[in-house]
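# Chain and residue survey
Take a look at the letters that make up each chain.
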Amino acid sequence: MRDEDSLNLNSKVYILVLNSLINEYEGNSIAQAEKELAIKTYNEIEQKRAKENHKYHVYQ
């Protein structure tokens, strides 16, 4: 996984976690759209990682 992808994923995860904590503290519920975006982004990056790992294993 590239550093850019890692930074992108980590940034989104940290923002969502902080937002969730703030919402929980304020008594608000977590937006469903935020959950879906986090899951979608995570799946996309994991698929990229799997492709890169597959290429690496094929070359060996």
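As shown above, the structure is provided for reference.
Residues numbered from 1 in each chain as written. Predicted model: local features only at pLDDT ≥ 70, side-chain atom pairs only at ≥ 80, totals over all residues. Heavy atoms only, no water.

### Observations regarding the overall build of the protein
- Within the protein, the regular secondary structure consists of 2 helices and 0 strands.
- By element, 55% of the accessible surface of the protein is carried by carbon and sulfur atoms, the whole surface being about 5300 Å². (Helix = DSSP H or I, 4+ residues; strand = E, 2+ residues; numbered from the N terminus. Areas by Shrake-Rupley, 256 points an atom, 1.4 Å probe, with all protein chains shown as cover.)

### Topic: helix α1 (residues 3–26)
- Here α1 contains 24 residues, and its C-alpha end-to-end distance of 34 Å stays within 8% of the 34 Å for a straight helix at 1.5 Å per residue.
- Among all positions of α1, only Asp 5, Leu 9, Leu 16, Ser 20 and Asn 23 are buried.
- Downstream of α1 by a residue or two, Gly 27 has a phi angle that is positive, lying close to 90°. (Expected span 1.5 Å × (residues − 1). Buried < 20%, exposed > 50% of the residue type's maximum accessible area, 1.4 Å probe, protein only.)

### Things to note about a nonpolar patch on the surface
- Taken together, the side chains of Val 13, Tyr 14, Val 17, Leu 18 and Leu 21 make up a nonpolar region of the molecular surface, amounting to roughly 490 Å² of accessible area.
- Structurally, Leu 21 can be placed in helix α1. (Patch = residues over 30% accessible without salt bridge, like charges linked within 9 Å, V, L, I, M, F, W, Y side chains within 5 Å. Salt bridge = Lys/Arg side-chain N within 4 Å of Asp/Glu carboxyl O.)

### Things to note about the environment of Ala 31
- One can find Ala 31 in the loop between α1 and α2 (32–59).
- Taking relative accessible area as the criterion, Ala 31 reaches 34% and is therefore assigned partly exposed.
- Spatially, the C-alpha atom of Ala 31 lies 8.9 Å from that of Ser 20, the residues being 11 residues apart in sequence.

Note that all results are geometric; they support no functional claim without further evidence.
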